[in-house]
Amino acid sequence: MRHYACLLVLTAALRAQAPSDLEFLANHTDYREIRNMLPAYLKRLASDRLTERRRAIERFGQATLDNHRRQVREAILRGIGGLPERTPLNARVTGVIEREDHKIEKIVFESQPGFYVTANLYLPKRGASPYPAVLYPLGHEPGAKAYPIWQRMLVTLARNGYVALAWDTLGQGERIQLYDEDFRASKLVQSTLEHTMQGIQCLLVGDSLARYTIWDGIRALDYLLSRPEVDPKRVAITGNSGGGTHTAYLAALDDRLHVAAPSCYLTSWMRLLETIGPQDAEQCFPGWLAAGLDHADFVLAFAPKPYLVLAAIRDFFSIAGARATYEEARLVYQRLGAGDRISMTEADDGHGYTLPRRLAAYRWFEKWLKGAERDLAESDVPIAREDELWATKTGQVVTSLGGETVFTLNRKRADALRRPGPPVARRTLLDLLAVAETKGPVPVKPLGVVSREGHRIEKLVYESEPGIEIPAVLAIPETPAGRKPAAIVVHAGGKAAARAEIETLVRSGMVVLAIDARGWGETRPAAATKGADWPRYFGDYDSAMTALLLDKPLVGQRVTDILRGLDVLAARPEVDAARICAVGMQAGGVPLLHAAVLDERIRKVALERTLAAYGCVVRHRIHRGVFENVIFGVLKAYDLPDLAATLAPRKLWLIDPANPLGEPTSVNEVRTLYAASLKAGNLHLIRRQPEQQTAAVYREFIEVW
């Protein structure tokens, strides 16, 4: 989000400059694809990992598979921060719907202490127990467990001698996490927005939202197996969309499941990246692509048990990816002598658990749970209203039972962390950021010069690393010859958004290098500006999440861009390398602060409207514009105030440090957060006044070295 209110008054000379002075690649023949640079770079990294993986899979046998299953499980658990402690379920039946051939019990249990899960258990009234059972994780459909298609399938299973359990997943049904009592709905409308909002908070403490959704599923299985009506040796799992996701996850993790049939989820990671991109937070494990893992690995972790891939030809999950994943898994099953235990059903329709896929699932369960080669038909099913299936009085856990939410549990996780505090070790930064120290000359391409009153602007592009070219402008004052102080400027809106700061610094006599770090300014991917909700809250979600999947957070990638920009600046004959400072604005301040800690050539730093602390994100229910600066597990190691203290004795100016909504943080909170820096005497806190000119705001920063 851009904050232009701080740039109310500009000089006449500044107003006269055309936007093309600072943005110049749009019509340049060699840079027509510059907005695709970052996504293309990330896809190449992913492709390299997945190509290595495919070569290894070709050699799979039973011994290799056992080791691979362990590696897949370890990667899942690393990506979600491990699993909670198994505690009492405290399950209770809150109501029963009696029907002629089946009944539905309304269940509440606690997957973690005080973390309530609402569920419906479908029980047969015919045949003899113990029955085979089906665990039924839900997709992102209205009504959650009351969605008519789910009811149709669950009733059909119960009528045919299966016990089936469905539960409300996070953000849906009776388990809205960010509940607004006035609207009687989520503050964020969509469950996937809730997932990702809270998922980002989880990432900061080294967890994933899937830690909670997977554990809900494991505890749902605990409950299902506790029922005397269930045969624990005959348990299947199936679900569609988000339910297909958790079918894949739980089957890979839990040996108590014997048959799996995910619908409308499995594809391949390359097809995902080439089409719809990474999906909401629960569907992405940090480090998954870095470990060289793909969707087929969920299937292989379950092998050689019976696995049915259910796919839609016109799904938004690529059918080509689903076919490739199935074929890879099928060949492994064949090498294991279990070729009859894997199958795929495609239907020429769209996303959803449509009738062709439901019939295929029934047939698969009959074969592998009952040893019967027969088809089940769906007859008329009584569809209950959503409130008829409620397990709570009000239809919301938060108003009926209270208890914990993902937000409260994650905040407790964060509060329990014991960070070492400042100074932050250099090795810690390099490892978490995945920054490789690079030395040597930086390739630079000059693209023209613009003369202005009192200074000139050189347009250039420099290579930060192979495949990444950074547009920049170098503003050089026309003062007497000799080396001058210099500044590097990084704005999340790009160099053009920093026009007032560039003007102020160059008029003070500094040489100024303003850069478009990858993914900002002229290199902003077009997809990051489309749509309403996701860019508004999460910015360039696709690039940021893909980077985390690769264990290469965007923060670290942009730190590399800044450090190489410093190399460019320090090598200029006009620059006094002993007097280089740095200015970061909005989200640009976070990588800039990291770069300053890593590189002592930066002698002082000013950050304007930059996030005050990662910890604030965990303590605020809603946040905006934070995701691109997320580092997985960063709060286990340090927070931004720790970096500020590590910077001492070098000076730091904080100008209107921001809360997680991008608004100014209170002075008292900033003083508490930055107590170590205040004690060290290296911190200057500035509040920008309405209509205050940029030159006045930065006067002290310019003068004090």
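Predicted model only: the values in this text are computed from it and were never measured.

*Asks:* Looking at this structure, I do not really get the sheet that holds strand 2 (residues 102–112). What am I missing?
*Replies:* Remark on secondary structure: sheet strands pair via backbone hydrogen bonds, oriented parallel or antiparallel. Read across the open sheet, the 9 strands follow the order 1-2-3-5-4-8-9-10-11; overall the sheet is mixed. Because the sheet does not close on itself, it has two edges, and the strands there are strand 1 (92–98) and strand 11 (342–347). Looking at each pair of strands side by side, their axes are set apart by 20° on average, direction ignored. The sheet contacts of helix 7 (residues 242–253) involve strand 4 (131–136), strand 8 (230–240), strand 9 (259–263) and strand 10 (307–312), and relative to strand 8 the element is tilted by about 140°.

*Asks:* Teacher, can you tell me more about the packing of aromatic side chains here?
*Replies:* The geometry of two aromatic rings is summed up by the distance between their centres and the angle between their planes. Applying the stated rule across the entire model yields 21 aromatic pairs. Where Y249 meets F298, the ring centres are 5.4 Å apart and the plane angle is 50°; that geometry is what we call tilted. Placement of Y249 in helix 7 and of F298 in helix 9 (residues 296–302) is noted, with a sequence separation of 49 residues between them. Both rings, one in F538 and one in Y541, keep their centres 6.2 Å apart while their planes meet at 55°; by these two values the pair is tilted.

*Asks:* Teacher, can you tell me more about helix 11 (residues 355–370) here?
*Replies:* Helical geometry note: an α-helix holds 3.6 residues per turn, so side chains three or four residues apart project in the same direction. Look at helix 11: 21 Å from first C-alpha to last across 16 residues, which is about the 22 Å you get at 1.5 Å a residue. Looking only at helix 11, the buried set comprises R357, R358, A360, A361, Y362, W364, F365, E366 and L369. Buried residues along helix 11 sit in contact with strand 4, helix 4 (148–159), strand 8, strand 9, strand 10 and strand 11. Positive backbone phi, approximately 70°, marks G371, located one or two places after helix 11.

*Asks:* What is the right way to look at the confidence of the model for the protein in this model?
*Replies:* As a general rule, the predicted coordinates of low-pLDDT regions are not to be interpreted in detail. Residues with a pLDDT of 70 or more make up 97% of the protein, whose mean pLDDT is 94. Low confidence marks residues 1–19, where pLDDT is under 50. Its contacts with residues over four positions away, or in another chain, come to 38 contacts.

*Asks:* So what exactly am I meant to see when it comes to the side chain of E229 here?
*Replies:* By the element assignment, E229 lies in the loop between helix 6 (210–226) and strand 8. Using a relative accessible area of 19% as the deciding quantity, one classes E229 as buried. Separated by 3.0 Å, the side chains of E229 and R227 make a polar contact. Not counting residues within four places of it along the chain, the set of residues in contact with E229 comprises L123, S129, P130, Y131 and V163.

*Asks:* Where do I start with the sheet that holds strand 17 (residues 575–585) in this structure?
*Replies:* An order of 12-13-14-16-15-17-18-19-20 is seen for the 9 strands of this open sheet, with the pairing classed as mixed. Edge positions in the open sheet fall to strand 12 (444–452) and strand 20 (683–686), since each of these has one partner strand only. Between one strand axis and the next, the sheet turns by 20° as a mean value, whatever way the strands run. The strands touched by helix 15 (residues 499–507) are strand 13 (455–465), strand 14 (468–477), strand 15 (484–491), strand 16 (511–515), strand 17 and strand 18 (602–608); relative to strand 14, the strand with the most contacts, the crossing angle is about 45°.

Cut-offs used in this document
- Residues numbered from 1 in each chain as written.
- Predicted model: local features only at pLDDT ≥ 70, side-chain atom pairs only at ≥ 80, totals over all residues.
- Heavy atoms only, no water.
- Pairing = 2+ DSSP bridges.
- Helix = DSSP H or I, 4+ residues; strand = E, 2+ residues; numbered from the N terminus.
- Axes fitted to C-alpha atoms, helices over the stretch in contact; angles between N-to-C directions.
- Contact = heavy atoms within 4.5 Å.
- Phe/Tyr/Trp six-rings, centres within 6.5 Å; stacked < 30°, edge-to-face > 60°.
- Expected span 1.5 Å × (residues − 1).
- Buried < 20%, exposed > 50% of the residue type's maximum accessible area, 1.4 Å probe, protein only.
- pLDDT = per-residue confidence, 0-100.
- Polar contact = N/O pair within 3.5 Å; in protein donor to acceptor, adjacent residues only side chain to side chain.

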